[in-house]
Number of protein chains: 4
Amino acid sequence: MRDIARLLNDHRVGLGWQRAFYEDLHQHPELSGHEQETARKILDKLAEFNCEIISPIGGFGIVAIFRNGEGPTALFRADFDALPVQETTGVDFASTRLRPGTDGTLVPVMHACGHDMHTTSLLGACAVMDANRDSWNGTFLALFQPAEENATGANAMVSDSLVTRVPRPDVCFGQHIMPGRAGQVQTLAGPQFAACDSIRIIIPGRSAHGSMPHASIDPTYTAAMVVVRLQGIVGREVDPNDFAVVSVGTLRAGSTNNIIPHSAELVLNCRFYDSTVQEQVYDSIKRIVIAECQASGIDQEPTFDFFGHGELIDNDTSTYAAVRSNFDSVFGENSVDAQRTTVSEDFANIPRAFGVPYLYWVVGCTPQHQWDRAVASGRVREDVPVNHMGTFLPEFEPTVEASTKAALTAVLTYLGSQNVT
Amino acid sequence: MRDIARLLNDHRVGLGWQRAFYEDLHQHPELSGHEQETARKILDKLAEFNCEIISPIGGFGIVAIFRNGEGPTALFRADFDALPVQETTGVDFASTRLRPGTDGTLVPVMHACGHDMHTTSLLGACAVMDANRDSWNGTFLALFQPAEENATGANAMVSDSLVTRVPRPDVCFGQHIMPGRAGQVQTLAGPQFAACDSIRIIIPGRSAHGSMPHASIDPTYTAAMVVVRLQGIVGREVDPNDFAVVSVGTLRAGSTNNIIPHSAELVLNCRFYDSTVQEQVYDSIKRIVIAECQASGIDQEPTFDFFGHGELIDNDTSTYAAVRSNFDSVFGENSVDAQRTTVSEDFANIPRAFGVPYLYWVVGCTPQHQWDRAVASGRVREDVPVNHMGTFLPEFEPTVEASTKAALTAVLTYLGSQNVT
Amino acid sequence: MRDIARLLNDHRVGLGWQRAFYEDLHQHPELSGHEQETARKILDKLAEFNCEIISPIGGFGIVAIFRNGEGPTALFRADFDALPVQETTGVDFASTRLRPGTDGTLVPVMHACGHDMHTTSLLGACAVMDANRDSWNGTFLALFQPAEENATGANAMVSDSLVTRVPRPDVCFGQHIMPGRAGQVQTLAGPQFAACDSIRIIIPGRSAHGSMPHASIDPTYTAAMVVVRLQGIVGREVDPNDFAVVSVGTLRAGSTNNIIPHSAELVLNCRFYDSTVQEQVYDSIKRIVIAECQASGIDQEPTFDFFGHGELIDNDTSTYAAVRSNFDSVFGENSVDAQRTTVSEDFANIPRAFGVPYLYWVVGCTPQHQWDRAVASGRVREDVPVNHMGTFLPEFEPTVEASTKAALTAVLTYLGSQNVT
Amino acid sequence: MRDIARLLNDHRVGLGWQRAFYEDLHQHPELSGHEQETARKILDKLAEFNCEIISPIGGFGIVAIFRNGEGPTALFRADFDALPVQETTGVDFASTRLRPGTDGTLVPVMHACGHDMHTTSLLGACAVMDANRDSWNGTFLALFQPAEENATGANAMVSDSLVTRVPRPDVCFGQHIMPGRAGQVQTLAGPQFAACDSIRIIIPGRSAHGSMPHASIDPTYTAAMVVVRLQGIVGREVDPNDFAVVSVGTLRAGSTNNIIPHSAELVLNCRFYDSTVQEQVYDSIKRIVIAECQASGIDQEPTFDFFGHGELIDNDTSTYAAVRSNFDSVFGENSVDAQRTTVSEDFANIPRAFGVPYLYWVVGCTPQHQWDRAVASGRVREDVPVNHMGTFLPEFEPTVEASTKAALTAVLTYLGSQNVT
């Protein structure tokens, strides 16, 4: 264990290139499924190392295989897509990109969820692993996943024969930067990220001129009643000791001022830690939407389209115990307990495909003085930007150092020399 | 009077071209403000007549001045823009056009409000007036107005010096095809079409990831509460003996599945026959939107942008009496009493600019067998397509004949020879 | 005609007792169905006259038959029950009564709808008719009806053989005091008061402790959704040119703080001038309540109990013409046109039982200086107390004089000597 | 320890009277604050024992002091009021009582929360303690508390000088029967029952006749919007990882069919395990109610009256450890871990007044075959009656035995001979 700490603390490779690489990714974000440039930059960097490349796999997916003799196999995954969010950080490497969104209109694009940092850190870990082959044995898989934000990338890689195209790992890892003191590594056993699904609902109606409501069956009114009544599920139907989130991501009805439209579109986003609750809530959503359509006197049926499924991330207890012990050694008081978080990820689809245990953790990224001030004033919720906000920006240095070292620590917990002697 | 009936009944011009002209317009509709092709077609037709052209005026607006010696001046207005509606009539001249809508995305376009018929009829009236100069005296103004659907065209023509660029009329006319037995001409004195305004409301919120509703102030939820509560204005606040319509034309919030958006947009469409009720309702709308934002805990203020104003169309009593008498002669039992209708128009801005009286009427356009069957079965509301529906299509022959003759009858009521002897 | 005016203007009887009688009724109001004392006072007064009494009829109902030789028969009806309203007029004859309400709890009682005035005026008319038998011929029926407020009294009298127990009238009359300049008599032909029904709705649920909403199906939440959605009927489903009122009179759910109740009770009150609209709205109410119960996941059916039916009051045109002419003679500029009003009455059940025409009118009762000031300042709605308010109090003198004389004028229009010569 | 188990297992007193006593209480329930008969029965039973009585204290409260030489002092509390619930158990000792409720109307009364069982068990424990004085030393306080259901009884006893009128205990105990296999004793350290408050809210409006909604400001509509929007607090504003309950216990508006009332009354019931969440939710409730009143255009302010406060029951860790160990010995596999429950109690006010640690636990009471069947079929929620339902009835024998023994075990953990040798 001392070996890992020593190795990490005297970096036999310079990671000075990480800042430039990160800022370049940040300034040139790409939406899910369109990560062509980013994939190219990752491949260019990997070309500096002694590794085998599997690419493309599942769209713009990449796996770099670092072989180093006999020993276990460990996989680390980073994601690299961005979001349709307007950046307002004001930094000189801020994104000003506009790209066609899912409906064809131009939308701003931003790395508002830190995937640029995840990728930069995993490439840093690759550099260290590549340059220190005497410190470890076995096989290290660096997996770069596209299209995490729409929850399709992990499955796309699995569908593209991931399991047969790379060596089977013994363990998988992943991490996410989130609000928290920059440089803190937060871990827990059991549920870490929630399960989620998105649901696209089309509410039918009958169109008419805006002046003739009686000739219409107004789908916007029905949709509004549905939005209102959905909150009754969490407030009235779910056991208050259970956890459930039902949010509306999109509500669209009509395209002009004076026509009552013929339908309305709702897109919901739901979160759970428990599949019984999940099923109960989905039943309730359907029951409510169908009944509200009936209340409006609509003969047609509403439609429900489930997508964007995120598996529960449920950390393996013994993997946690092994890695946490090393995190404590390496990070000292910066190794802390995590809280369960309500967000979701498709990471778990990868270890699930291999049938192996995994650990997924969180690295704090909030600028340290900002975090300390917010904690002191009791204004964490108000003052700290969270993922997906236009103001979300990690403090580079402590965050990249912690996330690079955390990746190495976890991998070396299994591949480090002390384990094979 | 008999002169008008006789003139009209033995058409000294063939109007056979009207069908081809109408079908061409119908198949090639253009959205408000983009009527370039349509204006060109109108100008090409007008070039066949002996008239002076004022164009462009107020965008693609056109006035044709037919001078025929001393006498009064009468203006007839037709509009020629189309709507973002998907045509489903199934006729072989149906529109299949897609054009960029107000938000940039492609939308289907259709003459779903009969402006193609209005224009064809007025050109027919021009042809008859041009070919029968011995039957009338004075000046006939044929005004072709763009951009009626967004209620900007009439004012744009007025702003572009309409009043000084054409002779001042003594009276103005306009007509609209609507559901009703094809060929019936419906008139009344007093309010015919309602006053209206559209209101664009931006409801502020605070964006957050869909999994963290507590970090957001959800504007979609606020907007839904507003949509629901707006119906309480008509149901609870307006005297049930008064008339008011508050419809939601557009509700848009969010553009993806897992982000609670930072604002929601509502576009309302309101109708009245009485300005006191109108002011009361606008006060209530503002009060409700502001209070619902407060109920959600939003510090920012919602914004209100009024547009698309439609003046009340309030027919002059003596103009009505004079023209109705001739309608009765010309159309016999097809000249009937109109009902007040809830729709709005910007027509009245034109006579208002000149300070002259006007008459605006309705021509039935529903295929006669369809109308008769619907009346017989008590299913008019269910079975008869109304304006702005994708199935709205006038029965060509009786409709074009009635609307061409009605225009001529009204104009000749003032310019016909019998009036100058 | 001059005879009627002369007769009324030189009152050959003193009506000075009317004030004391009125104030006694006002101070001792009785709820519908419990009008024992009031009936006794009416009978005591009638005992002073030469008339035949039919009583009890339909509960505490009374008909006084004044026979005066050959001639037509005219019926005038006054009602005499009061309301569960807390009086706040501050007059020294204000009611301080508490009586058990429909649910057994004590409620304040008040003549907040002017039935004390109606009764006092009809007794005044009886006095004049009785004392001036040389001025008229025929039969005068003075009908005193209980239980108007719950819309049961008229039908109860009919069911109790009214038609066979009194002579068949040729015409029926009734009147109501309402806001308006005290002493003005307001009449119209056609619909005067709306049709109405009340509907008691029981919304089923499942009870649970307040801390366990997930074990309940919360009927209060369902009822709230219903109350909200009912306003969508008037705002979205009824033609805005039609008239409909859907009000909630009572909503009761639960009786303690920490138990989610097992059901909720709604009592609606609905008004119409048109039976097609009425049926459409009742269908919509049922559809909405049933669907909202389904949206809440309730298996049990809600129940609907219609009661308190009020017939449309639709004045006969020729009766109107005959009486209005005399009203104009007697009242001069105080005989004015009435507006349709949204309230309802069970009066029409009486002429309907006999199959005879009727006229029902309104007498203004607002203190004259209050009315004039409110009109001048445009604050009629804000400043003038309306029926059923705790501040509703007629200005005695002009109101009792106008309503007594109006009753006599109408009756004498048919029975006055000029009609039999 | 073995002593306690032995003592309990060979009961040197017969407790055969418990069934009759329990059925008598069950058949004659009394509402909070009206427990006169019940208090009399308890005093009659206590008169059989050698103890000092402090009564009345805090209304019908009673403390029995059993002194037995030197040693520690332990207090056990049982509550004895009943609820306004209609019993539907069908047993021959079912309650058929009707009593005036808080609003004066007659309501059914039932021991639907098991306080009859609590009282019977504590009296049983008194009997054993009294008859076995050689097995323990010190002072045993049996506290019988009225008015738990309205959360006033414990504070009333404290206010009535409880602390100075009885010896200061070293530890306090209480228990509650709830759904669970009859005879199971469920314990945990830390939060057991939630904190709660009730809030009475008066929503002002303006009354008018039901036919004139425009003359009213309808408080029922406002109240309905509030009920709907309150669910948005839990669903949208509270962190989904936190716990909060906002239920509506009572909603009352109007008392007749055709008058829109002048105000509406809401009674909320709220639950929390965390005071920060509690404050946030109370702020949100006030914000929403005030804003919804503004949305309705009401000038008057709504009022808020907090009552029925329940303290969090937060079991002391070392008391838990000491007693749980003995529960495990006495009850074997029937001593199990408890779940946090959402209900509330005023028990904690008693130990809090003395400043001493406490333990409060749950005893399962569901008939064993019913429980086992429900668990097997996964229908616990559907098939098992919970507290406050009309069907709630403990299985007598296992429940009374477990709750009597549990009380004795806890008390003897501190007073048992083994502790003083």
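So, how was this worked out
Note on numbering: residues in each chain are counted from 1, in written sequence order. Chains and ligands are labelled by the order in which they are written, letters from A for the one and numbers from 1 for the other. Selection of residues for local features in this predicted model requires a pLDDT of at least 70, selection of side-chain atom pairs for listing and counting requires 80 or more, and totals for whole chains, interfaces and linings are taken over all residues. The basis for the side-chain values is all heavy atoms of the structure; hydrogens and waters are excluded. Numbering of helices and strands runs from the N terminus; a helix is a DSSP stretch of H or I covering at least four residues, while a strand is a stretch of E covering at least two. Our radius of gyration looks at C-alpha atoms and nothing else; its globule reference is 2.2 Å times the residue count to the power 0.38. For every residue, the accessible area (1.4 Å probe, protein chains only) is compared with the maximum for its type, and the residue is labelled buried under 20%, exposed over 50%, or partly exposed between those bounds. Any two residues having at least one pair of non-hydrogen atoms within 4.5 Å are treated as being in contact. Only the protein chains shown count as cover for residues, with accessible areas throughout obtained via the Shrake-Rupley method and a probe of 1.4 Å. UniProt positions are given in the numbering used here, feature names are shortened, and annotations may be inferred rather than shown by experiment. Note on scores: pLDDT gives the predictor's confidence for each residue, bounded by 0 and 100. Here the copies were fitted onto each other by least squares, based on C-alpha atoms from residues at pLDDT of at least 70 in both. The rule for a disulfide is simple: a pair of cysteine sulfur atoms within 2.5 Å. What gets called buried area is simply the loss in accessible area from a 1.4 Å probe that two parts show on being joined, summed for both. A carboxyl oxygen of Asp or Glu within 4 Å of a side-chain nitrogen of Lys or Arg is what we treat as a salt bridge. As used in this structure description, the phrase polar contact means that two N or O atoms lie within 3.5 Å; if the pair is within protein, one of them must be able to donate a hydrogen and the other to accept it, and residues adjacent in sequence are counted only when both atoms belong to side chains. Any residue outside Ala, Val, Leu, Ile, Met, Phe, Trp, Tyr, Cys, Pro, Asp, Glu, Lys and Arg is labelled polar, Gly included; the first ten of those are nonpolar and the last four are charged. An automatic or database domain assignment is the source of the domain bounds shown. Planes of paired rings set the category: under 30 degrees apart is stacked, over 60 is edge-to-face and the rest tilted, where pairs are Phe, Tyr or Trp rings (Trp by its six-membered ring) whose centres lie within 6.5 Å. At least two bridges found by DSSP between two strands are what make those strands a pair. Axis definition: a line fitted to C-alpha atoms, over the contacting stretch in the case of helices. Angles run 0 to 180 degrees between N-to-C directions.

A. Region of the structure containing the overall build of chain A. Helix and strand counts for chain A come out as 14 helices and 18 strands. Its C-alpha atoms give chain A a radius of gyration of 23 Å, within 12% of the compact-globule value 22 Å for 421 residues. Here chain A holds 421 residues, and the buried ones make up 66% of them. In chain A, of all internal contacts separated by at least 6 residues, the share reaching a separation of at least 24 is 81%. Of the roughly 14200 Å² that chain A leaves accessible, carbon and sulfur atoms contribute 48%.

B. Broad picture of the UniProt feature "domain: Peptidase M20 dimerisation" (unreviewed entry) in chain A. As recorded in UniProt, the feature "domain: Peptidase M20 dimerisation" (unreviewed entry) lies at residues 199–292 of chain A. A distance of 17 Å separates the end C-alpha atoms of residues 199–292 of chain A, which is 39% helix and 32% strand.

C. Representation of the confidence of the model for chain A within the structure. Confidence in the prediction for chain A averages 93 pLDDT; 96% of positions are at 70 or higher. Both scores are given for the predicted complex: the pTM is 0.79, the ipTM 0.74.

D. Layout of the relation of the copies chain A and chain D. Under the fitted operation, chain A is carried onto chain D by 0.1 Å of movement along the axis and a turn of 180°, and the coordinates agree to an RMSD of 0.2 Å. Viewed as a symmetry operation, the transformation between the two copies matches a two-fold axis. With an isologous cut-off of 70% or more, the 100% of interface residues of chain A that recur at the interface of chain D puts this contact in the isologous class.

E. Main features of the state of the cysteines. Applying the stated criterion to the full structure yields zero disulfides over all chains. No disulfide involves B:C51; its nearest neighbouring cysteine sulfur is the one of B:C126, lying 6.8 Å away. Free of any disulfide, C:C196 has its nearest cysteine sulfur in C:C270, 8.5 Å distant.

F. Layout of the interface of chain A and chain D. Contacts between the two partners involve 21 residues from chain A, matched on the other side by 21 residues from chain D. Carbon and sulfur atoms make up 44% of the area that chain A and chain D hide from each other, which totals about 1400 Å². The interface formed by chain A and chain D holds zero salt bridges in total. At the boundary of chain A and chain D, one finds eight residue pairs in polar contact (both at pLDDT 80 or more). Elements represented by at least two residues in the side of chain A that touches chain D include exactly α7 (219–237) and β12 (244–253) of chain A. Among the elements that line the side of chain A that touches chain D, the one with the most residues is α7(A), at seven residues. When its residues are assigned to classes, the side of chain A that touches chain D shows nine nonpolar, seven polar and five charged.

G. Seen up close, the interface of chain A and chain B. Taken together, the contacts link 48 residues of chain A with 49 residues of chain B. Across the interface of chain A and chain B, roughly 4500 Å² is buried in total on both sides, 60% from carbon and sulfur atoms. Ranked by residue count, the leading element in the side of chain A that touches chain B is β12(A), at eight residues.

H. Main features of the side chain of D:T139. All names here are of chain D. With respect to the secondary-structure elements, T139 resides in strand β6 (residues 138–145). Overall, the relative accessible area of 9% leaves T139 in the buried class. Not counting the four nearest positions on each side in its chain, T139 is found in contact with I65, F66, R67, P72, T73, A74, P167 and L415.

I. Looking closely at the domain arrangement of chain A. Residues and elements named next belong to chain A. What the domain assignment lists for chain A is domain 1 (4–194 + 312–415) and domain 2 (196–309). Computed over C-alpha atoms only, the centres of domain 1 and domain 2 are separated by 35 Å. Each side of the interface is counted separately: domain 1 has 12 residues, and domain 2 has eight residues. Buried surface at the junction of domain 1 and domain 2, both sides included, amounts to about 780 Å², of which 54% is carbon and sulfur. Taken together, the links from domain 1 to domain 2 amount to zero salt bridges. In this structure, the connection of domain 1 to domain 2 is made through two residue pairs in polar contact (both at pLDDT 80 or more). Split by residue class, the side of domain 1 that touches domain 2 holds six nonpolar, four polar and two charged.

J. Structural context of the pattern of salt bridges. Residues and elements named next belong to chain A. Overall, the coordinates contain 100 salt bridges over all chains when judged by the stated rule. A salt bridge links R229 to E292; the nearest nitrogen and oxygen atoms lie 3.2 Å apart. Linking R229 in helix α7 with E292 in helix α8 (residues 275–295), this pair joins segments that are 63 residues apart in sequence. Of the two residues, R229 and E292, neither departs from the other in class, the shared state being buried. The partner of R287 in a salt bridge is E237, with the nearest N and O atoms 2.6 Å apart. Of the two residues, R287 sits in helix α8 while E237 sits in helix α7, which places them 50 residues apart along the sequence.

K. Main features of the relation of the copies chain A and chain B. Between the two copies, chain A and chain B, the superposition gives an RMSD of 0.2 Å; the rotation angle is 180° and the shift along the axis is 0.2 Å. Most of the interface of chain A is mirrored in chain B, where 100% of its interface residues are also at the interface.

L. Structural detail: the packing of aromatic side chains. Residue and element names in this part refer to chain C. Within the structure shown, the criterion is met by 64 aromatic pairs over all chains. With a centroid separation of 5.0 Å and 80° between ring planes, the pair formed by F327 and W361 is classed as edge-to-face. You can see F327 sitting in helix α9 (residues 317–331) and its partner W361 sitting in strand β18 (residues 358–366), a full 34 residues away along the chain. Judged by relative accessible area, F327 falls into the buried class, the value being 0%. Classification of W361 by relative accessible area gives buried; the value is 0%.

M. Summary view of the environment of D:A374. Residue and element names in this part refer to chain D. Mapping A374 onto the fold places it in helix α11 (residues 368–377). With 30 residues separating them along the chain, A374 and T404 place their C-alpha atoms 26 Å apart. Aside from chain neighbours lying at most four places away, what touches A374 is R379, V380, D383 and V384.

N. Examining the sheet that holds strand β1 (residues 52–54) of chain D more closely. Residue and element names in this part refer to chain D. Across the sheet, which stays open at both edges, the eight strands sit in the order β1-β2-β6-β3-β7-β18-β8-β17 with mixed pairing between neighbours. A strand with exactly one partner marks an edge of an open sheet, and here the two such strands are β1 and β17 (335–337). The average undirected angle you get between the axes of adjacent strands in this sheet is 30°. Inspection of the sheet shows strand β8 (residues 185–187) paired to β17 by three bridges, in the parallel sense. Its bridge partner lying in β17, T187 is registered against D337. Lying over the sheet, helix α9 (residues 317–331) contacts β7 (171–181), β8, β17 and β18 (358–366), oriented at roughly 135° with respect to β17.

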